[in-house]
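Reading the structure
These are the residues of each chain, in order.
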Amino acid sequence: MLINVIGLGYIGLPTALMFASHGSSVIGTDQNPEVVSSLTAGELTFEESGINELFAAAMNSGIKFSTQYAVADVYIVAVPTPYRKDTKQIETSYVRSAVQSVLAVAPRGAVCIVESTVSPGTIDKCVRPLLREATREDVHLVHAPERIIPGNMIVELENNNRTIGADDASVGERIAQLYGTFCHGEIVVTDIRTAEMSKVVENTYRAVNIAFANELDAICDAAGLDVRQVIAVANKHPRVNILNPGPGVGGHCIPVDPWFLVGDFPEQATLVREAMYINEARPEKVMKRIGEIMEENGIDDLAKVGIYGLTYKADVDDVRESPTLQLLDKLRSFGIRPPMPLYDPMVKTGMYENQVFDFDEFVTQVDLVVVMVPHTEIKSRITELSNKMVLDTQNALGSVDNLYTL
Ligand code: SAJ
């Protein structure tokens with residue numbers, strides 16, 4: 001039994017390592033030769049809690065990496081599915097090309113599992129026709145969307161419940177058993193369309209709930225109330241659990257997936273559309289707040305305002321769709337070429353013209369520190385900010401002198 005995992009990114013790599021370290025023969029395939037040579041040489045391509053140990057175990061169990069597709073019993077496609085910013089619709093070209101390559105080598109009766117998030121109906125519209133075109137309807141399609149959260153991926157891979165969507169229940173059960181080699185959660189077998197929809201619904205649920213917290217922030221502002229206090233009190237109710245307002249919503253899923261529903265069901269998904277607009281307006285709120293604090297304190301040079309944090313959330317190195325990137329885009333759209341120094345301990349490569357790579361150097365040159373991401377580092381170095389103004393957009397720092405909230 002050989003598993004070929006296609007796409008060795010944030011989802012594909014940990015999944016491949018997990019299968020390999022739990023007794024399956026695994027070949028990981030990526031089109032990028034640098035990723036393949038680095039993994040083959042024993043070097044990981046991103047940071048994640050617990051991944052070093054898992055990688056070592058998988059290497060000991062004989063996992064192989066290649067740019068070529070293998071002749072395997074099961075294929076797991078975990079390639080990106082970005083969305084087109086203009087139409088808010090999903091870009092399926094990576095999935096389609098991966099499935100086509102699978103069909104070119106798959107033996108009769110192989111199973112092709114799509115793990116990538118897709119908009120509801122994508123498998124029927126974009127993937128199934130490929131099987132017909134290639135006269136490969138002997139290959140079984142499965143959709144098994146992942147649910148793991150960056151920063152806690154390994155624990156969640158082992159413990160989260162999973163969904164397996166299959167045309168044929170017996171194939172679904174077989175694949176459920178395969179995931180059961182490492183997954184201790186409940187594995188639900190359903191049909192492909194239900195699996196597609198439930199995945200997108202999960203992230204939409206979270207986006208709508210974050211939007212509610214963000215809207216409460218605006219309401220409490222207008223009412224002259226402290227939103228954090230209001231939320232803390234309301235959350236004492238046994239069935240209320242309001243999330244945290246923040247500088248925006250980042251990552252590859254929550255700011256993206258709900259748009260699939262809006263794009264495909266524009267008449268029905270009105271609450272979802274509004275929620276997305278509310279979340280997307282948050283970086284602009286940060287921008288306005290920076291302006292207010294500068295004015296109140298007579299700061300007239302943006303170079304004295306430092307942005308702390310570039311990733312989309314704390315203690316991960318993933319910057320996709322991050323609120324900080326959204327903020328910088330917003331500034332540029334207003335014609336402001338931001339000269340603000342920017343620092344993120346998790347981002348070691350240069351991504352921005354005024355990026356600084358040392359905490360002390362960063363803090364020394366600014367008067368106002370805008371904390372966009374509450375990395376553990378800044379929480380443990382709060383005392384070093386004692387003579388600075390701090391805008392804590394995440395309300396994560398507790399007691400700091402000269403503290404401003406959003
Ligand atoms: N955020 C807030 N306020 C909150 C919570 C989060 O503003 O109260 C912001 C975060 O700062 C971050 C963004 O939302 O910018 C999203 O972060 P997240 O930690 O909520 O989620 P992701 O994108 O890392 O992972 C989500 C998860 N989905 C759900 O919780 C429903 C994960 O389980 C999925 O696997 C993942 O999307 C995915 O790949 O779909």
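The structure contained in this document is the topic of the report that follows. Sequence positions are assigned chain by chain, starting from 1 and proceeding in written order. With the structure being a predicted model, the display of local features is reserved for residues of pLDDT at least 70 and the display and counting of side-chain atom pairs for 80 or more, all residues being used for whole-chain, interface and lining totals. Heavy atoms from the whole structure form the basis of all side-chain values; hydrogens and water molecules are not counted.

**So, the overall build of the chain**
Helix and strand counts for the chain come out as 15 helices and 16 strands. A radius of gyration in this sense is built from C-alpha atoms; the matching globule rule multiplies 2.2 Å by the number of residues raised to 0.38. Expected size for 406 residues packed as a compact globule is a radius of gyration near 22 Å; at 23 Å, the chain falls within 12% of this value. Each principal axis of the C-alpha distribution contributes one length, and for the chain these read about 70 × 50 × 45 Å. By residue count, 52% of the 406 residues in the chain fall in the buried class. Of all intrachain contacts in the chain linking residues separated by at least 6 positions in sequence, the fraction that spans at least 24 positions is 67%. Here, Shrake-Rupley sampling with a 1.4 Å probe gives the accessible areas, and only protein chains in the shown set may cover a residue. With an accessible surface of roughly 18200 Å², the chain has 50% of that area assigned to carbon and sulfur atoms. Only runs of H or I of at least four residues qualify as helices and only runs of E of at least two qualify as strands under DSSP, and these elements are numbered from the N terminus. For each residue, the accessible area found with a 1.4 Å probe, counting protein chains only, is set against the maximum for its type, and the residue is called buried under 20%, exposed over 50%, and partly exposed in between. For this analysis, residues touch if any pair of their heavy atoms sits within 4.5 Å.

**Looking at the pattern of salt bridges**
Basic side-chain nitrogens of Lys or Arg form a salt bridge, by our definition, when they fall within 4 Å of a carboxyl oxygen of Asp or Glu. Counted according to the given criterion, the structure contains 19 salt bridges. For arginine 147, the salt bridge is made with glutamate 202, and the minimal N-O distance between the two is 2.7 Å. Note that arginine 147 is positioned in the loop between β8 (140-143) and α6 (153-159) and glutamate 202 in helix α8 (residues 192-223), a separation of 55 residues in sequence. With a relative accessible area of 28%, glutamate 202 lands in the partly exposed category. With its nearest N and O atoms 3.5 Å apart, the salt bridge here joins lysine 330 to glutamate 284. You can see lysine 330 sitting in helix α13 (residues 323-333) and its partner glutamate 284 sitting in helix α12 (residues 282-296), a full 46 residues away along the chain. Residue classification places glutamate 284 among the partly exposed residues on the basis of a relative accessible area of 24%. Several salt bridges converge on common partners, so that one network encompasses Asp217, Asp221, Arg282 and Lys285.

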